[in-house]
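Working through the structure, step by step
One-letter residues, chain by chain:
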Amino acid sequence: MPKTFAFSVNGKPVSVSLDNEDTPLLDVLRNELGLMGTRFGCGLEQCGCCMVLIAGVPEKCCAKPVWSVAGKDIITVEGLGNAARPHPLQQAFIDEQAGQCGYCLSGILIAAKALLDSNPQPSRAQIAQALDGNICRCGSHNRIMRAVEKAAAVMRAGARL
Ligand code: FES
Ligand code: FES
């Protein structure tokens, strides 16, 4: 008999009924809720492309059972911004062309958002440390680091307005 799990995604309450309470959150986001921005890479909590914010903490969700997020607030890359109103991180990644295939970027944007939420002026070393759990197979690391630095500067300037 299906069980129902309620939580919030990008500020909206959702509830899903599933036969298997161990269904990974990633599968629920993509298959039940149609949020395709969060990606499946390794499925082994190794690559970071499935990262979302859970209660403000960046976590890989490819092996995280849905029961474990009941009642929690989840932010996916779709919750950061959109084409009309991009988050400063998204705009900086576009400006810096920070990526080639782009497959890793939703997870990297989530990890970077968590960093900038807690540290508005990170050093290069702190950015590298924050993104340590995110693999970019295209080797776009330098441009990604530049984009995070640029977004941080834009956000600091905005905060002063
Ligand atoms: S798909 Fe989740 S860490 Fe690789
Ligand atoms: S841009 Fe291709 S994996 Fe990062």
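Residues numbered from 1 in each chain as written. Chains lettered and ligands numbered in written order. Predicted model: local features only at pLDDT ≥ 70, side-chain atom pairs only at ≥ 80, totals over all residues. Heavy atoms only, no water.

Notes on the overall build of the protein chain
Stated precisely, the cut-off is as follows: Put simply, DSSP marks the helices as runs of H or I at least four residues long and the strands as runs of E at least two long, and each gets a number from the N terminus on. Think of it in three bands: residues with accessible area under 20% of the maximum for their type are buried, residues over 50% are exposed, and the middle band is partly exposed, with areas taken using a 1.4 Å probe on protein chains only. Pairs of residues are marked as contacts when any of their non-hydrogen atoms sit within 4.5 Å. The Shrake-Rupley method, run with a 1.4 Å probe sphere, supplies the accessible areas, and residue values consider only the shown protein chains as cover. Within this scheme the basic residues Lys and Arg register as positive and the acidic residues Asp and Glu register as negative, but His and the chain ends are omitted. A charge is said to be at NZ when it belongs to Lys, at CZ for Arg, at CG for Asp and at CD for Glu.
For the protein chain, the count of helices and strands is five helices and five strands. Along its sequence from the N terminus, the protein chain presents helices and strands in the succession β-β-α-β-β-β-α-α-α-α. Going through the 161 residues of the protein chain one by one, you find that 44% of them count as buried. Residue pairs at least 24 apart in sequence account for 56% of intrachain contacts in the protein chain once pairs closer than 6 positions are excluded. By element, 52% of the accessible surface of the protein chain is carried by carbon and sulfur atoms, the whole surface being about 8400 Å². Across the protein chain, the 16 positively charged side chains and the 14 negatively charged ones have centroids separated by 9 Å.

Quick word on the packing of aromatic side chains
Note the cut-off: Two rings from Phe, Tyr or Trp (for Trp, the six-membered ring) form a pair when their centres sit within 6.5 Å of each other. Planes less than 30 degrees apart are called stacked, planes more than 60 degrees apart edge-to-face, and all others tilted. We count a charge as sitting over a ring when the NZ of a lysine or the CZ of an arginine lies within 6 Å of the ring centre and within 35 degrees of the ring normal.
Taken as a whole, this structure holds zero aromatic pairs when the rule is applied. Lying over the aromatic face of Tyr 103, Arg 39 brings its terminal NZ or CZ to 5.3 Å of the ring centre.

Points about the pairing of strand S4 (residues 57–60)
The cut-off we apply is this: Between any two strands, pairing holds if DSSP finds at least two bridges.
Where strand S3 (residues 51–54) meets S4, four bridges bridge the pair, whose relative direction is antiparallel. Directly across from Ile 54, in S4, lies its bridge partner Val 57. Between S3 and S4, which follow one another and run antiparallel, lie two residues, and Ala 55 among them has a positive phi close to 50°.

Quick look at helix H1 (residues 25–32)
At 3.6 residues per turn, the α-helix brings residues three or four places apart onto the same side. Inclusion rule: To be clear, the arc concerns the directions from the helix axis to the C-beta atoms.
Buried within H1 we find Leu 25, Leu 26, Val 28 and Leu 29. All buried residues of H1 project into a common sector of 165° when viewed along the axis, lining one side. Elements in contact with the buried residues of H1: strand S1 (3–9), strand S2 (12–18), S3 and strand S5 (73–75). Where H1 ends, the next residue or the one after it, Gly 34, has phi of about 70°, a positive value.

Some remarks on the environment of Leu 109
Among the secondary structure elements, Leu 109 is positioned in helix H3 (residues 105–118). Judged by its relative accessible area of 8%, Leu 109 is buried. Those residues in contact with Leu 109, other than ones at most four positions away along the chain, are Val 77, Leu 80, Leu 89, Gln 90 and Phe 93.

What about the side chain of Gln 90?
The residue Gln 90 is located in helix H2 (residues 88–95) in this model. In this structure Gln 90 comes out as buried when scored by relative accessible area, which is 14%. Leave out the neighbours within four places in its chain, and Gln 90 touches Val 77, Leu 80, Gly 81, Asn 82 and Leu 109.

Quick look at the pairing of S3
Burial along S3 is two-sided: Met 51 and Leu 53 and Val 52 and Ile 54, pointing in opposite directions, are all buried. One ladder, built from two bridges, connects S3 with S5; its direction is antiparallel. Bridge assignment links Leu 53 to a residue of S5, and that residue is Ile 75.

Side note on the pattern of salt bridges
For clarity, the cut-off: Salt bridge criterion: a side-chain nitrogen from Lys or Arg within 4 Å of a carboxyl oxygen from Asp or Glu.
Summed over all chains, the structure comprises seven salt bridges. In this structure, the salt-bridge partner of Lys 64 is Glu 59, at a minimum N-O distance of 3.0 Å. Judged by relative accessible area, Lys 64 falls into the buried class, the value being 18%. Among the salt bridges present, the one from Glu 149 reaches Arg 124, with a minimum N-O distance of 3.0 Å. Residue Glu 149 is found in helix H5 (residues 141–160), and its partner Arg 124 is found in helix H4 (residues 124–130); the two are separated by 25 residues along the sequence. Glu 149 sits in the partly exposed class, given a relative accessible area of 30%.

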